[in-house]
Amino acid sequence: MILKYYYPELALTVRVKSESLCLDYTFVPGASVNPLSLQDLCKLSNEKYIDSVRVFIPKTAEAYYIDCFNNEKVSVYGWVELNEFEVAEPYT
């Protein structure tokens, strides 16, 4: 599946877990000068040593995916596991 999101939208909170790196880290991506996009975080979730990347997407965000069975747009919000998505694509 492909996660589509409005370009300036950031996840409010991110949690990265890795058993092999003994890592369980939660952070706010918008608190830095160069924040990570959902596209960057989706790439991170597909890395070899990363077990999961969960992001909190606010209900007001314009994020969605297209359901492959009935071809409908499904809104995405709340805690989302990015491992479920192959890629995240921004739109404007």
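Here, the structure is the one placed above.
Note that the structure is a prediction, hence the values are computed from the model and not measured.

**Student:** Report on helix H1 (residues 38-45), specifying residues and quantitative values.
**Tutor:** Three or more residues of H1 are buried, namely Leu 38, Leu 41, Cys 42 and Ser 45. Seen from one end, H1 has its buried residues packed into an arc of 105 degrees, which puts them on one side.

**Student:** Pulling in residues and values, what's your account of a nonpolar patch on the surface?
**Tutor:** The grouping of Leu 21, Leu 23, Tyr 25 and Tyr 49 at the surface amounts to a nonpolar patch, some 410 Å² of accessible area in total. Within the fold, Tyr 25 resides in strand E3 (residues 23-27). Under the relative-accessibility criterion, Tyr 25 is labelled partly exposed at 47%.

**Student:** Hey, could you go over the pattern of salt bridges for me, with residue numbers and the actual values?
**Tutor:** Counted under the stated rule, the structure contains three salt bridges. Between Lys 4 and Glu 89 there is a salt bridge, with the nearest N and O atoms lying 2.8 Å from each other. You can see Lys 4 sitting in strand E1 (residues 2-6) and its partner Glu 89 sitting in strand E8 (residues 87-91), a full 85 residues away along the chain. One salt bridge connects Glu 81 with Arg 54, and the closest N-O pair in it is separated by 4.0 Å. With a gap of 27 residues between them, Glu 81 in strand E7 (residues 78-81) and Arg 54 in strand E4 (residues 52-57) connect regions that are remote in the sequence.

Reading the values: rules and limits
- Residues numbered from 1 in each chain as written.
- Predicted model: local features only at pLDDT ≥ 70, side-chain atom pairs only at ≥ 80, totals over all residues.
- Heavy atoms only, no water.
- Buried < 20%, exposed > 50% of the residue type's maximum accessible area, 1.4 Å probe, protein only.
- Helix = DSSP H or I, 4+ residues; strand = E, 2+ residues; numbered from the N terminus.
- Arc of directions from axis to C-beta.
- Patch = residues over 30% accessible without salt bridge, like charges linked within 9 Å, V, L, I, M, F, W, Y side chains within 5 Å.
- Areas by Shrake-Rupley, 256 points an atom, 1.4 Å probe, with all protein chains shown as cover.
- Salt bridge = Lys/Arg side-chain N within 4 Å of Asp/Glu carboxyl O.

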